[in-house]
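Observations on the model geometry
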Amino acid sequence: MAVSMADITKLRKMTGAGMMDCKNALTEAEGDFDKAMEIIRKKGQAVAAKRSEREASEGCVLAKTTGDRAVIVALKCETDFVAQNADFVKLTQDILDLAVANKCKTLDEVKSLPMGNGTVQDAVTDRSGITGEKMELDGYMTVEGVSTAVYNHMNRNGLCTIVAFNKPVDEQLAKQVAMQIAAMNPIAIDEDGVSEEIKQKEIEVAIEKTKAEQVQKAVEAALKKANINPAHVDSEEHMESNMAKGWITAEDVAKAKEIIATVSAEKAAHLPEQMIQNIAKGRLAKFLKEVCLLNQEDIMDGKKTVREVLTAADPELKIVDFKRFTLKAE
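Residues numbered from 1 in each chain as written. Predicted model: local features only at pLDDT ≥ 70, side-chain atom pairs only at ≥ 80, totals over all residues. Heavy atoms only, no water.

The name an unreviewed UniProt entry gives the protein is Elongation factor Ts, with Bacteroides finegoldii as the organism. Its UniProt record gives the protein a comment under Subcellular location (unreviewed entry), which states: "Cytoplasm". Word for word, the UniProt comment on the protein under Sequence similarities (unreviewed entry) is "Belongs to the EF-Ts family." (UniProt positions renumbered as here; feature names shortened; annotations may be inferred.)

Put into structure tokens, the structure is as follows:
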């Protein structure tokens, strides 16, 4: 049957599908709009199933605050071209607004919310069929407090942060804290928020690193004493290469290997345990300063920590929670 342009345009407005997809669906459905919409939906389901193993590494991340509550929603896709599409961004915004309005606690709650002629998940699947790309609603985060703030990094739709406070806070200061979270990627508000498992792992890594450094220093000192440049013999590859260049001799290489083996074993067997522990604890303290929000140097004033900035503004002001979502691995 013939399909009018008016009907095609109407279906396109209803579904967001392309003109040809709408024309084909209406033709197949013999002008029945409900059947045509179902045809378009099934196409989306087919595309989603076909591309389920693909990686969705692009997308749109948006955040919103209602005062005492802030929310982040992330809708992923395969390419930046689709991520920047106005309809894709609008879908993300519509999902965010719907989640905020319904005060959803979990991602599953968001996916099951009514949207259009189905659910939010159906709308995402439908959009997948329209674009031909894998799409997934992959991130949903919330914070609650007396006041909250959000930050969308450079409006790039790829990095958002939300933060909650225990009392009303100056808008500029709240945004500054949200920007701090975006820039410095803390894992906790303070030391108490860092699990003992993470602390123990950092101590173990610090101990091994410190031991390796002490052994390396002893080896380098012994090599220099033997008039051998440590940089010339720091690997088998370098030894071969530097012999070929005439920078060291075979005798030097043999002597270096003996020194490296002997000194490494001797130093490793006689490392001062207390010194190793002290250095490792110092490294843990440095780690906690870098990953705890309140301990970090303030991005606006490097002479102060975030804790000092908040205290100067209001001694009773506290950060009660924060979340950060980024599409890109860091």
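So, on to a nonpolar patch on the surface. Together, Met 184, Ile 299 and Met 300 line one region of the surface with nonpolar side chains, adding up to about 270 Å² of accessible area. Assignment of secondary structure puts Met 300 in the loop between helix H12 (273-291) and helix H13 (306-313). (Patch = residues over 30% accessible without salt bridge, like charges linked within 9 Å, V, L, I, M, F, W, Y side chains within 5 Å. Areas by Shrake-Rupley, 256 points an atom, 1.4 Å probe, with all protein chains shown as cover. Salt bridge = Lys/Arg side-chain N within 4 Å of Asp/Glu carboxyl O. Helix = DSSP H or I, 4+ residues; strand = E, 2+ residues; numbered from the N terminus.)

The next point concerns the UniProt feature "domain: Translation elongation factor EFTs/EF1B dimerisation" (unreviewed entry) in the protein. Feature annotation in UniProt places "domain: Translation elongation factor EFTs/EF1B dimerisation" (unreviewed entry) on residues 70-217 and 248-327, given in this structure's numbering. Taken end to end, residues 248-327 has its terminal C-alpha atoms 49 Å apart, with 59% of it in helix and 10% in strand.

With that out of the way, let us pick up the domain arrangement of the protein. As far as domains go, the protein holds domain 1 (5-50), domain 2 (58-186 + 317-326) and domain 3 (196-288). Relative to domain 3, the C-alpha centre of domain 2 lies at a distance of 47 Å. (Domains from an automatic or database assignment.)

Core analysis: the biggest nonpolar cluster contains 24 residues, and Val 73, Phe 88, Ile 95, Val 110, Leu 137 and Tyr 140 have the highest contact counts within it. For this core, the elements supplying multiple residues, two or more each, are strand S1 (58-65), strand S2 (69-77), helix H4 (80-83), helix H5 (86-101), helix H7 (120-131) and strand S5 (136-144). The biggest single contributor to this core is H5, with six residues. In this structure, Val 73 is in contact with Cys 60, Val 61, Leu 62, Thr 92, Ile 95, Leu 96, Leu 137, Gly 139 and Tyr 140, ignoring residues within four places of it in sequence. Counting 22 residues, the second-largest nonpolar core is a separate cluster that includes Ala 174, Ile 181, Ile 189 and Phe 322. (Core = buried A, V, L, I, M, F, W, Y, C linked by side-chain atoms within 4.5 Å. Buried < 20%, exposed > 50% of the residue type's maximum accessible area, 1.4 Å probe, protein only. Contact = heavy atoms within 4.5 Å.)

This paragraph deals with the sheet that holds strand S7 (residues 159-165). Read across the sheet, three strands follow the order S6-S7-S8 without closing on themselves; strand pairing throughout is antiparallel. In this open sheet, the two strands that pair with only one neighbour each are strand S6 (147-152) and strand S8 (319-326). Each strand of the sheet is rotated relative to its neighbour by a mean of 10°, with strand direction disregarded. In this structure, S6 lies alongside S7, joined through six bridges in antiparallel fashion. Across the sheet, Thr 148 pairs through a bridge with Ala 164, a residue of S7. (Pairing = 2+ DSSP bridges. Axes fitted to C-alpha atoms, helices over the stretch in contact; angles between N-to-C directions.)

A few words now on the state of the cysteines. Evaluated as defined, the whole model comprises zero disulfides. Summary of cysteine pairing: Cys 60 is not part of a disulfide, and the nearest cysteine sulfur, belonging to Cys 160, is at 7.8 Å. (Disulfide = S-S within 2.5 Å.)

Right, let's get into the sheet that holds S5. Pairing is antiparallel across the open sheet formed by three strands, whose spatial order is S1-S2-S5. The strands lining the two open edges of the sheet, one partner per strand, are S1 and S5. Geometrically, the sheet is characterised by an average inter-axis angle of 10° between neighbouring strands, direction not taken into account. Here S2 pairs with S5 via eight bridges, running antiparallel. Bridge pairing in S5 links Lys 76 to Glu 136.

The next point concerns the environment of Asp 298. One can find Asp 298 in the loop between H12 and H13. Residues in contact with Asp 298, not counting those within four places in the same chain, are Gln 176, Gln 180, Lys 304, Thr 305, Val 306 and Val 309. Here the side chain of Asp 298 touches Met 300 through a polar contact of 3.0 Å, landing on its backbone nitrogen. (Polar contact = N/O pair within 3.5 Å; in protein donor to acceptor, adjacent residues only side chain to side chain.)

Orientation of helix H8 (residues 171-184) relative to H13, taken along the N-to-C sense of each, is 170°, at an axis distance of 12 Å. As summarised for this structure, H8 and H13 are arranged roughly antiparallel, according to the angle between their axes. Judged by residue contacts, Leu 173, Gln 176, Val 177 and Gln 180 of H8 engage Val 306, Val 309, Leu 310 and Ala 313 from H13. When the residues that make up the contact of H8 with H13 are grouped by side-chain class, the tally is six nonpolar, two polar and no charged. (Parallel < 35°, antiparallel > 145°, perpendicular 65-115°, else oblique. Nonpolar A, V, L, I, M, F, W, Y, C, P; charged D, E, K, R; others polar.)

Now for H8. For H8, with 14 residues, the first-to-last C-alpha span of 20 Å sits near the 20 Å given by 1.5 Å per residue. Within H8 the residues assigned to the buried category are Leu 173, Ala 174, Gln 176, Val 177, Ala 178, Met 179, Gln 180, Ile 181 and Ala 182. Those residues of H8 that are buried lie in contact with S6, S7, H13 and S8. You can read the cap of H8 off the contacts: a side-chain oxygen lies 3.1 Å from the backbone nitrogen of Gln 172, and it is on Asp 170. Once H8 finishes, Asn 185 follows within two positions and takes phi at roughly 50°, a positive value. (Expected span 1.5 Å × (residues − 1).)

Taking burial as the measure, the nine residues of S2 include nine buried ones, the bulk of the element. Neither face of S2 is open: one carries Arg 69, Val 71, Val 73, Leu 75 and Cys 77, the other Ala 70, Ile 72, Ala 74 and Lys 76, and all of them are buried. Inspection of the sheet shows S1 paired to S2 by eight bridges, in the antiparallel sense. Opposite Cys 60, over in S2, you have Leu 75 as the bridge partner. Count of turn residues in the S1/S2 antiparallel hairpin: three residues, of which Gly 67 carries a positive phi of about 110°.

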